[in-house]
Amino acid sequence: MSDDIEELIRMANQIATFFQAYPEEEAVNGTAEHIRDFWTSAMRARLDRYVADNGTGLHPLVTRAMGHLQQAA
Amino acid sequence: MALLVEPDFGTPKRETEKTVTVQINGRTITVPEGTSVMRAASELGQDIPKLCATDMVNAWGSCRMCLVEIDGVRGTPASCTTPVREGMSVRTQTPRLEKIRRGVMELYISDHPLDCLTCAANGDCELQDTAGEVGLRDVRYGFQGEKHFAEAAEPKDESNPYFHFDSSKCIVCSRCVRACEEVQGTFALTIQGRGFDSKVSAGTASDNFFGSECVSCGACVQACPTATLMEKSVYDHGVPNRSVLTTCAYCGVGCSFKAEMQGDQVVRMVPYKDGGANEGHSCVKGRFAWGYATHKDRITTPMVRDKITDPWRKVSWDEAIAFAADRFKSIQQKYGNGSIGGITSSRCTNEEVFVVQKMIRAAFGNNNVDTCARVCHSPTGYGLKTTFGTSAGTQNFKSVEKADVILVIGANPTDGHPVFASRMKKRLRAGAKLIVADPRKIDLVRSPHVSASHHIQLRPGTNVALMNALAHVVVTEGLVDEEFVAERCEEADFARWRAFVAEARNAPEALSEKIGVDPQTIREAARLYATGKNGAIYYGLGVTEHSQGSTMVMAMANLAMATGNIGREGVGVNPLRGQNNVQGSCDMGSFPHELPGYRHVADAVARGTFEADWDVTLSPEPGLRIPNMFAAALDGSFRGLFVQGEDIAQSDPNTHHVTAALESMECIVVQDLFLNETAAFAQVFLPGTSFLEKDGTFTNAERRINRVRPVMTEQSGLSEWEVVARLSRAMGYDMHYSSSSEIMDEIARLTPTFSGVSFARLDRDGSLQWPVNDKAPNGTPTMHVAGFVRGKGRFMITEYVPTEERTNRSFPLILTTGRILSQYNVGAQTRRTENSRWHETDVLEIHPFDAEERGIADGDRVSIQSRKGAVSLPAQISERMPQGVVYTTFHHPVSGANVITTEFSDWATNCPEYKVTAVQIVRSNQPSDWQVAYEEIKRTNYRTESEPAE
Amino acid sequence: MPTVPPLDIDATVVDICRQHANAPADLIEILHDLQEQIGHVPQSALPTIATALNLSRAEVHGVVSFYHDFREKPAGAVTVKICRAEACQSMGALPLIERICARHGVQLGGTSADGRITVEAVYCLGNCALSPAALVNDKPVGRINDERLNAAIRGAMS
């Protein structure tokens, strides 16, 4: 549902906005860890698919963080 | 137990290390310096007769009953006002003293009715007892004193719903007046007139108790030695004959009470002087508003139905549990393991919460458990854990007695946490300074004998900007406690933070326009907090319920660390928790990513301990949070929900969204006292137990674990934990407990911070503040004393990010929400008591200018419209509000405050942004569409099948 | 001199409190000033004083009701306070009070129906050498008898 991805985008962007005050590597890690620690796998998978689709509207830190999580997985 | 009569030492305990040794009636006793002769004698077990003295208030010396003889001292001084001196030799009983006391008592009784046998205080009257003690046998002046007899006396003041005032029985000892001043801090009572005309008066001559400034805390009733101020329940039922020690189930203060009983009927609740949280004080909710427990609306039989529009069908426990389990199992078969979950309640005991999360993790096989703390203090947990290492406040309540500067942010303690507020006000009257950061002019800003040094009347949503500005002043004006920071905090994080807050864009001058407060006020407040010796921060939901709630908690932690205000008495960062067991429900593993004791579900070691103990494999994946549950319900992947003692349909934001989600689910099980708003969408109703029936523990805002003891049997026949255990078994997971004490043993076994806790230990010691373990066998009143729990304190960068909820021409005002003294949360309990007399409906508070601009007069019905919806309420024009901000409470469901709140939430925890909603206000003379629909749902979704005719 | 109460007593009260810097310790002076300016301390003024001084209404009421000198309602055009402490009683104050009350048709402590005179008891004016003593509109009159007191009252009324 479109509604649902918008909500995830907003949540992810909010997280990135907090961590963007940190140097980039730390910010990517912070965002990735936060999403890993607090989101369900279904929510993460949904966002992954969205990143793979086109990822418009996502904070760049989110895109990098999701890539980071996939590598770790 | 029999009736527990606490000793009354006559005057308060002195807190000093210095001691004095004296002789009383030839026996020696050593007491703290400043102790009264009366108290010293009482501690020796040799009580001195008294009338105007009681140990909740300072000595007064007016009744002349407690006279003693002291060697080398002329006359017969009053023992209550005479402090002990080294080597003093006192006699408390001599023929001369006897004669004087009897003479004084004669005067009292000559002007007091002799209707003892029919008096409500018969058996609980200090005047009667003292007359007995002094051997009064005759009254030479007759018994027709002119003031106090039926024909001369004024009629009883029955205006307060819970107690009466009968001046004909009054001996003008001033105990009530002093209790109101010293214990409660309201100053609502006085002695009017003088001499024989002296009379206790609430407010001015034209007031009665209800119309006066009285907040109905009951301290005066407790202090009264006669039947003058008396609970109506005692008048109606007679004096109680047994007591049960228990804990209040309202706010996060967690007051200890003696439930005073006759059989299984509560006659009155009396705050317990040995209760660590409240030390013998209470508020109008805890002391008086317990009648909901036996209200006719209580549902005590399990009920089920196929569709939410069907009438409820009363069934047996077995049928209800089988019905719920079958539905849950079939949902899981169809939609997967993760398609069901549950929500725990902060009003239930630790034991009840623990078994619900255990059922979800072990029997449902997922981590879809969340708790109502999600919508209140989840940012506290995240923020304090990140910076300090522990998801909890740092102090005990007593700590406030040592604070020198108190910073209250986004909390309204006199309404939300009244008993703590009384303790705070006592300290303020003794000279501590106060800074209040709040958009509203709350009572603490200015009320009798309390006046804030600074009121930072910030715009809602700018908390983080304010904290950064305060921190900027601390860092740039050389106010950092360098030694503390160097020794106790992470160096690199501090350096980074220091550079960040020192940037010019974080200066008060740069942020002042955003915050809406002049920079000088911010600078002065920062200096006061940083340099005023012990600085203590107390905060509430005005901090957490924002899109930057977690950032704000970290920003406060930063400020406290930078100024060295952590790790001793009188300082700290202290959340004032909304509900009685918010702390406990979080501790008990109610979050979808954390096992009990705040250990992440992905932590294989922690998970392994639980798996071994529970004999089950647990999911390492975080589960759904409440808002995610609603979203998943709407997309069809989440279909079943167990709701323990919570009313998400009323309390969660964006009601339209929540009810749509609830309607789309296949099975909602509600465990509650009443058919609440959520129950309208439920298929199974499992009757719960009130706190008067529970056996367990609550953990208050100071991490204090208190016992809750049943005073009556479960009205529904089963304890809540037993119901959950049965549902677990029906779901296929074998869960058995023979008592709630066994559940606590399991908690202690599996949770390192609780390892020293047991019912036996609590019954012996009264209460314990966690951590209670080998390192801290007697608990931990103050945290982070020698070092932070996480090792070194971590400063976090707290960039101010404005909320996405913005005002514009269509929605020019900001709505913020809060609480009122007499009501509690969604009102399920307090609305079913006489407390509603103080607050019959929710109102919208609005600044006179904003009202005038819209042609709104006081009392007009207005429509409040946000981007999400509209409701209508009566307006109250109020100088407490700043221009541009309006305020309401959400104690009455029909108010529908959450119809208008948005889905915005805290970035880290999804705690909803209740405190900022852009709205427009217009005059309106009708209920909103939602309110009309709400009335309709009430007609259809709450029906119960009528009993079959015999 | 008691004057006609101004239309806005509230504003007067606020003003007086402000002159005393809204200091709670000045409560008694504020009450005196108020009685001086409007002739009495009306009940309606108490909440305003309480708010200004950051005291409770009860506290202000307690103080006002303790002092008999503060009157809730306006007094008559002339206020006569006659001492009934020991020295004055021994010199015949009590029958004199009875006569003056009867003459003007007032109860001790009250005001005549026409609003012209208020008669009150006081307990020692410190003028015992000239007993019995009285105050007529705050002016001391010594060695009073019916004639001297009536003359003083007439003087005050004219």
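What you are looking at is a predicted structure, and each value in this text was computed from that prediction instead of being measured. (Residues numbered from 1 in each chain as written. Chains lettered and ligands numbered in written order. Predicted model: local features only at pLDDT ≥ 70, side-chain atom pairs only at ≥ 80, totals over all residues. Heavy atoms only, no water.)

Chemist: For the overall build of chain C, give the residues involved together with the corresponding values.
Modeler: When helices and strands are tallied, chain C shows 7 helices and 4 strands. Here the C-alpha coordinates of chain C stretch approximately 50 × 30 × 20 Å along the principal axes. Taking all 158 residues of chain C together, 44% fall into the buried category. Within chain C, counting contacts between residues at least 6 apart in sequence, those at least 24 apart form 60% of the total. As presented, chain C carries roughly 8,100 Å² of accessible surface, and 54% of it is formed by carbon and sulfur atoms. (Helix = DSSP H or I, 4+ residues; strand = E, 2+ residues; numbered from the N terminus. Buried < 20%, exposed > 50% of the residue type's maximum accessible area, 1.4 Å probe, protein only. Contact = heavy atoms within 4.5 Å. Areas by Shrake-Rupley, 256 points an atom, 1.4 Å probe, with all protein chains shown as cover.)

Chemist: Help me get a handle on the pattern of salt bridges, residues and values and all.
Modeler: A side chain with one charge can pair with a side chain of the opposite charge if their charged atoms come near. Residues and elements named next belong to chain B. For the coordinates displayed, the defined rule picks out 74 salt bridges over all chains. The partner of Asp-763 in a salt bridge is Arg-709, and the shortest N-O contact between them spans 2.6 Å. On the criterion of sequence distance, the pair formed by Asp-763 in helix α27 (residues 759–765) and Arg-709 in the loop between β29 (704–708) and α25 (720–731) is long-range, its members being 54 residues apart. The exposure class assigned to Asp-763 is partly exposed, which follows from its relative accessible area of 42%. What emerges from the salt-bridge pattern is a single network uniting Glu-6, Asp-124, Glu-231, Lys-258, Glu-260 and Arg-268. (Salt bridge = Lys/Arg side-chain N within 4 Å of Asp/Glu carboxyl O.)

Chemist: So, the sheet that holds strand β28 (residues 696–699) of chain B: which residues are in play, and what are the values?
Modeler: All names here are of chain B. The strand order across the open sheet built from 3 strands is β28-β29-β30, with neighbouring strands paired in antiparallel fashion. Of all the strands in the sheet, just β28 and β30 (767–769) have a single pairing partner and so form its edges. If you compare each strand with its neighbour and ignore which way they point, the axes differ by 30° on average. As paired elements, β29 and β30 share 3 bridges and run antiparallel to each other. Its bridge partner being in β30, Asn-706 is matched across the sheet by Ser-767. In the packing of helix α9 (residues 350–364) onto the sheet, contacts are made with β28 and β29, and the angle to β28 comes to roughly 95°. (Pairing = 2+ DSSP bridges. Axes fitted to C-alpha atoms, helices over the stretch in contact; angles between N-to-C directions.)

Chemist: Break down the interface of chain B and chain C for me, citing the residues and quoting the values.
Modeler: Every contact between the two is made by 24 residues of chain B and, on the other side, 17 residues of chain C. Counting the surface lost from both chain B and chain C, the interface buries some 1,500 Å², and carbon and sulfur atoms represent 47% of this. For the chain B face of the interface with chain C, the top three residues by lost area are B:Arg194, B:Thr204 and B:Arg446, together amounting to 37%. On the surface where chain B and chain C come into contact, there are 1 salt bridge. (Buried area = accessible area lost by both parts, 1.4 Å probe.)

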